[in-house]
Amino acid sequence: MDETERPESRFRTRRRASIYLLPNLFTTAALFSGFYAIVMAMNHRFEQAAVAVFVAIVLDGLDGRVARLTRTQSEFGARYDSLSDMIAFGVAPALSMYEWGLKDLGNAGWVAALVYCAGAALRLGRFNVNMKAVDKRYFQGIPSPAAAALLCGLIWAFEDLGIDRERWLSVTAWGITMYGGITMVTNVPFPSFKDFNLKKAVPFWVMLLLVGGVAMVSLRPAVVLFLACLAFSLSGYVLWGMGVRVRRSPDAS
């Protein structure tokens, strides 16, 4: 290292290369949930597999926030998080959907699972490259956790309703899997909600809506969550139709 390098620069270099325990514990827990989902799917315990992916989504949302709150961001953490996401939101949903509804379709079934898995890998790679280059208000393509929630929400909802897996359901599973995989690599804008301020005062009716939403989820969590995931997966195309596009961030050099 150059002896003339300033101490602040050396500190930033060490910080990027450091491995911090707290945020990586959440990332490891998300990775475990994804692996657990794979094991459950292989044993045809599909409801447990779907729930495990949703747990991974919650944990994935926490690790970055914990890192920022505790000022423990690092390059290692960012790369580890991407690898964890690939397992939890790429491999686990693809394998779960294949075992649940695609296997009976033969080659078309595993091709759909492959398209989804490859879409997740490409989506994560593009996100890492364009992280600081695009408008933070929108995701470029549906984020992999949302795509995973769409697939696993379908599995969980139909398992909860006790619907037999017949031919029409396999075709539905194929369509949802292909849709999720392809939508991840499009340029369709999806709201990121990163500009949503929880500290901002809200009208009383917003609290009423929140209570009503919690009540609806408690009545039939699997079905309500799937419908919410489906609505979000369509919201990007609505924004696209309204003329919204993912543009280069003004902060990008």
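All of these numbers come straight from a predicted model, not from anything done at the bench.

*Asks:* Describe the nonpolar core, listing the residues and the values that go with them.
*Replies:* Membership of the largest hydrophobic core comes to 52 residues, with the highest contact counts inside it found for Met97, Trp100, Leu102, Tyr116, Ile142 and Leu154. Counting residues per element, the ones that place at least two in this core are helix H2 (21-42), helix H3 (46-69), helix H4 (75-102), helix H5 (107-130), helix H6 (144-161), helix H7 (167-184) and helix H9 (221-241). Per element, the largest residue contribution to this core is 12 residues, and it comes from H6. Each residue touching Leu154, except ones within four places of it in the same chain, is listed here: Met97, Trp100, Ala173, Ile176 and Phe226.

*Asks:* Can you tell me about the side chain of Thr183, naming the residues and giving the values?
*Replies:* On the secondary structure map, Thr183 appears in helix H7. Within the local environment of Thr183, its side chain forms a polar contact with the backbone oxygen of Tyr179, the two atoms lying 2.6 Å apart. Excluding anything up to four places from it in sequence, Thr183 contacts Gly141, Ile142, Phe190 and Tyr237.

*Asks:* I'd like to hear about a nonpolar patch on the surface, residue by residue, with values.
*Replies:* Together, Val202, Phe204, Trp205, Met207, Leu208, Leu209, Leu210 and Val214 make up a nonpolar patch on the protein surface, roughly 880 Å² of accessible area in all. Secondary-structure assignment places Met207 in helix H8 (residues 204-219). For Met207, a relative accessible area of 42% translates into the label partly exposed.

*Asks:* Residues and numbers for a positive patch on the surface, please.
*Replies:* Among the surface-exposed residues, Arg65, Arg68, Lys136 and Lys194 lie close enough to one another that they form a single positively charged patch. With respect to the helices, strands and loops of the structure, Arg68 is situated in helix H3.

*Asks:* I'd like a description of H3, backed by residues and values.
*Replies:* Look at H3: 35 Å from first C-alpha to last across 24 residues, which is about the 34 Å you get at 1.5 Å a residue. Residues of H3 that are buried include every one of Phe46, Ala49, Ala50, Ala52, Val53, Phe54, Ala56, Leu59, Asp60, Asp63, Val66 and Ala67, and no others. The first or second residue beyond H3 is Arg71, which carries a positive phi of 55 degrees.

*Asks:* Describe the packing of aromatic side chains, naming the residues involved and giving the relevant values.
*Replies:* The relative placement of two aromatic rings is captured by the distance of their centres and the angle of their planes. On inspection of all chains with the given rule, the structure shows eight aromatic pairs. Ring geometry for Tyr179 versus Tyr237: centroids 5.9 Å apart, planes at 40 degrees, classification tilted. Here the residue Tyr179 occupies a position in helix H7, and Tyr237 occupies one in helix H9, the gap between them amounting to 58 residues. Counting every residue linked through ring pairs, the aromatic cluster contains Tyr179, Phe190, Phe232 and Tyr237. The residue whose ring lies beneath Arg245 is Trp240, and the NZ or CZ to ring-centre distance is 3.6 Å.

Reading guide: rules and limits
- Residues numbered from 1 in each chain as written.
- Predicted model: local features only at pLDDT ≥ 70, side-chain atom pairs only at ≥ 80, totals over all residues.
- Heavy atoms only, no water.
- Core = buried A, V, L, I, M, F, W, Y, C linked by side-chain atoms within 4.5 Å.
- Buried < 20%, exposed > 50% of the residue type's maximum accessible area, 1.4 Å probe, protein only.
- Helix = DSSP H or I, 4+ residues; strand = E, 2+ residues; numbered from the N terminus.
- Contact = heavy atoms within 4.5 Å.
- Polar contact = N/O pair within 3.5 Å; in protein donor to acceptor, adjacent residues only side chain to side chain.
- Patch = residues over 30% accessible without salt bridge, like charges linked within 9 Å, V, L, I, M, F, W, Y side chains within 5 Å.
- Areas by Shrake-Rupley, 256 points an atom, 1.4 Å probe, with all protein chains shown as cover.
- Salt bridge = Lys/Arg side-chain N within 4 Å of Asp/Glu carboxyl O.
- Lys, Arg positive; Asp, Glu negative; His and termini not counted.
- Charge placed at Lys NZ, Arg CZ, Asp CG, Glu CD.
- Expected span 1.5 Å × (residues − 1).
- Phe/Tyr/Trp six-rings, centres within 6.5 Å; stacked < 30°, edge-to-face > 60°.
- Lys NZ or Arg CZ within 6 Å of the ring centre and 35° of its normal.

Don't take any of this as a statement about function, it's just geometry.
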